[in-house]
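# Fold and contact review
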Amino acid sequence: MAGSRVASRYVKSLLDLAVEQNALEAVHEDMLLFSKVVEENRAFALMLKNPIIKHDKKRDILTKIFKGKVNNLTLAIFDIITKKNREAVLADIALEFHNAYNKQKGIGKATIETASPIDANLRKRFEEIVKQLSNKKQVELVEKVDAELIGGFILNVEDQQIDASIKSKLNSLKVNFSYNPYIKEI
């Protein structure tokens, strides 16, 4: 909780500065790149959180990895955060920045869970459904595959959930069959 509160403060400042310098798109791409690096490289993520590694060494590592690949504003935020000894919240900042960017641009976010990967045609139909449900012009659709659903889908849009999975229907049938109207309940 405290880490996300710290991250949200940095994100607000970074977002305002990126808008002011007309670098919002570039910084957003940089934050997506940073999130991808953290997600794909566990050693890098652990290095950021390691209290034994000195902060200036972490700053050097960040500079060597990202210099020339990211916007100067992104490098500056990395520098500021490492000087303040807050490298552990960099991953949170990247995720929060993406959410703040979506909010700034009016992009809705939805999650679709299916038993198998969906094709482009079905993805487009789900995006249209999400646009109607959320009243957003653009949609970011996060796809998850869960074989336990057997078939169908679970669609989460903001605070709404549409569960049309076979697993859910089977569980509902199981509950209905377990009820016996001839046995008196206490």
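## Details of the packing of helix H2 (residues 24–40) against helix H3 (residues 42–49)
Contact geometry for H2 and H3: axes closest at 5 Å, N-to-C directions at 105 degrees. Viewed along their axes, H2 and H3 adopt a mutual orientation that is roughly perpendicular. Touching Phe34, Val37, Val38 and Glu40 of H2 are Arg42, Phe44, Ala45 and Leu48, all from H3.

## Describing the environment of Lys103
Among the structural elements, Lys103 can be located in helix H6 (residues 90–105). For the pair Lys103 and Phe126, spaced 23 residues apart in the sequence, the C-alpha separation amounts to 20 Å.

## Examining the side chain of Lys58
By the element assignment, Lys58 lies in helix H4 (residues 55–66). Once residues lying within four places of it in the same chain are set aside, the contact partners of Lys58 are Met47, Leu48, Lys49, Asn50, Ile53 and Glu87.

## With respect to the packing of H2 against helix H5 (residues 72–83)
Two numbers describe a pair of packed helices, the interaxial angle and the distance between the axes. Interaxial distance between H2 and H5 falls to 9 Å at its minimum, and their mutual angle equals 55 degrees. With respect to H5, the element H2 is oriented oblique. Where H2 abuts H5, its residues Val27, Asp30, Met31 and Phe34 lie against Leu73, Thr74, Ile77 and Phe78. Within the contact of H2 with H5, the residues separate by chemical class into six nonpolar, one polar and one charged.

## Focus: the sheet that holds strand E1 (residues 107–114)
Strand order in the open sheet formed by four strands is E2-E1-E3-E4, and the pairing between neighbours is mixed. Pairing within the sheet leaves two strands with one partner each, and these edge strands are strand E2 (138–145) and strand E4 (160–163). Averaged over all pairs of adjacent strands, the angle between strand axes in this sheet comes to 15 degrees, irrespective of strand direction. One ladder, built from five bridges, connects E1 with strand E3 (residues 153–157); its direction is antiparallel. Considered in E3, the bridge of Thr111 is made with Asn156. Relative to E1, H6 is tilted by about 120 degrees, and along the sheet it contacts E1 and E2.

The rules behind each value
- Each residue is numbered by its place in its chain's sequence as written, counting from 1.
- Owing to the predicted nature of the model, reporting of local features is limited to residues with pLDDT of at least 70; listing and counting of side-chain atom pairs is limited to 80 or more, with chain, interface and lining totals taken over all residues.
- Hydrogens and waters are ignored; side-chain quantities use all the structure's heavy atoms.
- Comment: axis = line fitted to C-alpha atoms, over the contacting stretch for helices; angle = value between 0 and 180 degrees taken between N-to-C directions.
- In this text, helices come from DSSP runs of H or I with a minimum length of four residues, and strands from runs of E with a minimum of two, each type numbered from the N-terminal end.
- An angle counts as roughly parallel when it lies under 35 degrees, as roughly antiparallel when it exceeds 145, as roughly perpendicular when it falls between 65 and 115, and as oblique in every other case.
- We call two residues in contact when some of their heavy atoms are within 4.5 Å.
- Amino acids outside the nonpolar list (Ala, Val, Leu, Ile, Met, Phe, Trp, Tyr, Cys, Pro) and the charged list (Asp, Glu, Lys, Arg) are all regarded as polar, and Gly is one of them.
- Two strands pair if DSSP finds at least two bridges between them.

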